[in-house]
Amino acid sequence: MELIQKISKIPLFEGLPPDQLKDLAGIALEKSFERGRVVFSEGQSAHGFFIVTSGKVKIFKISPDGKEQILHLFGPGEPFGEVPVFEGRPFPAHATALADSRFIFFPRTAFVELIKNNPSLALNMLAVLSRRLRRFTVLVDDLSLKEVPGRLAAHLLYLSNQQQGKDDIELEMPKGQLAGLLGTIPETLSRILAKMSKQELIAIDGRSITIKDRQGLIDLAEGSTRL
């Protein structure tokens, strides 16, 4: 019963009737991962997908020269590893727990069978994947078209929007990991944050950031101004 309640609160399964939630609980497994533990590696067979119930997971690629590029960070309620499950292909990236975490794991074969019998479940998953694709498209555009200050400005505005437009935001990861997400190095990120602070675009207190000039950040994110 406790597992059914956990599953019912996951956005991916919102609105499903009790009998379908019971079917999901019947195939689900709860897994715990300590901070730093590898959840799966690139090239590994995608035998199922995960949903975070507590903690946080990092999805990333490693270049031939050893540089890490963070693709996604997922927290409670968010699924990961689901795309290769439906493609029937190996995981295309690495996943590591950023904190002590708990996941619900759904084996591929059993879940695909449920999808066949429950179209509403498939529609929920399509909605989640569509939102994720839009966010990933923005990330690709930022990395390819914007300079690092513009990427950082866009990310700070994104975090603000995720927190109902608040000016006081909290970085969801250490600055070293944020540098990886933005496709730069920690030293460069620190210099840009210092410049933003000096120009009174933001105020910094550890991982807490206050947006002082929202329009200035928007202009920087859109490329109409430079730092």
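Conventions adopted
Residues numbered from 1 in each chain as written. Predicted model: local features only at pLDDT ≥ 70, side-chain atom pairs only at ≥ 80, totals over all residues. Heavy atoms only, no water. Pairing = 2+ DSSP bridges. Helix = DSSP H or I, 4+ residues; strand = E, 2+ residues; numbered from the N terminus. Axes fitted to C-alpha atoms, helices over the stretch in contact; angles between N-to-C directions. Domains from an automatic or database assignment. Contact = heavy atoms within 4.5 Å. Buried area = accessible area lost by both parts, 1.4 Å probe. UniProt positions renumbered as here; feature names shortened; annotations may be inferred. Phe/Tyr/Trp six-rings, centres within 6.5 Å; stacked < 30°, edge-to-face > 60°. Buried < 20%, exposed > 50% of the residue type's maximum accessible area, 1.4 Å probe, protein only. Lys NZ or Arg CZ within 6 Å of the ring centre and 35° of its normal. Salt bridge = Lys/Arg side-chain N within 4 Å of Asp/Glu carboxyl O.

The chain is annotated in an unreviewed UniProt entry as cAMP-binding protein from Desulfomonile tiedjei.

Let's shift gears to the sheet that holds strand β10 (residues 202–205). Note: strands within a sheet are paired through backbone hydrogen bonds, in either parallel or antiparallel orientation. Read across the open sheet, the three strands follow the order β9-β11-β10; overall the sheet is antiparallel. Both outer strands of the open sheet, β9 (168–170) and β10, are each paired with one neighbouring strand and no more. Shown here is a sheet whose adjacent strand axes are inclined to one another by a mean of 25°, direction ignored. Sheet topology note: the β10/strand β11 (residues 208–211) ladder contains four bridges and is antiparallel.

A few words now on the domain arrangement of the chain. Each domain of the chain was delimited in the assignment, giving domain 1 (1–125) and domain 2 (146–222). Once you take the C-alpha centre of each, domain 1 and domain 2 turn out to be 29 Å apart. At the interface, eight residues of domain 1 touch six residues of domain 2. When the area that domain 1 buries against domain 2 is broken down by residue, the three leading residues are Q69, I70 and L73, summing to 55%.

Mapped onto the elements, L16 comes out in the loop between α1 (2–8) and α2 (18–27). Along the sequence, L16 and K195 sit 179 residues apart, while their C-alpha atoms lie 49 Å from each other. When near neighbours in sequence (up to four residues on either side) are disregarded, L16 contacts L21, L24, S120 and L121.

In the numbering used here, UniProt assigns the feature "domain: HTH crp-type" (unreviewed entry) to residues 146–215. With 53% helix and 16% strand, residues 146–215 has end C-alpha atoms that lie 17 Å from one another.

The next thing to look at is the packing of aromatic side chains. Counted by the stated rule, this structure contains 14 aromatic pairs. Considering the side-chain rings of F40 and F91, the 3.7 Å spacing of their centres and the 10° angle between planes classify their relative orientation as stacked. Linking F40 in strand β2 (residues 38–40) with F91 in the loop between α3 (82–87) and β7 (94–97), this pair joins segments that are 51 residues apart in sequence. When its relative accessible area of 2% is taken as the criterion, F91 is described as buried. Chaining the aromatic ring pairs together yields one cluster made of F33, F40, F50, F74, F80, F91, F103 and F105. The ring centre of F105 lies 5.2 Å from the NZ or CZ of K31, which sits over that ring. Stacked on the ring of F60, the Lys or Arg K58 has its end atom at 4.8 Å from the ring centre.

A separate point is the sheet that holds strand β3 (residues 48–54). Read from one edge of the open sheet, four strands run β1-β8-β3-β6, paired in antiparallel fashion. Looking at strand neighbours, the two that pair on one side only are β1 (29–33) and β6 (79–80), the edges of this open sheet. Relative to strand β8 (residues 101–107), β3 is paired through six bridges, and the arrangement is antiparallel. Across the sheet, the residue bridging to G48 is P107, located in β8. Together, β3 and β8 form the strand contacts of helix α4 (residues 108–117), whose direction differs from that of β8 by roughly 65°.

Okay, the pattern of salt bridges next. Inspection of every chain in the model, using the stated rule, returns seven salt bridges. E2 is paired through a salt bridge with K6; the nearest N and O atoms lie 3.9 Å apart. With E2 and K6 both in helix α1 and four residues apart, the pair spans about one turn of that helix. Here E42 makes a salt bridge to K61, at a shortest N to O gap of 2.9 Å. Of the two residues, E42 sits in the loop between β2 and β3 while K61 sits in strand β4 (residues 57–62), which places them 19 residues apart along the sequence. Classification of E42 as partly exposed rests on a relative accessible area of 36%. Note on K61: relative accessible area 30%, which makes it partly exposed. Residues participating in the shared-partner salt-bridge network are E2, K6, E30 and R102.

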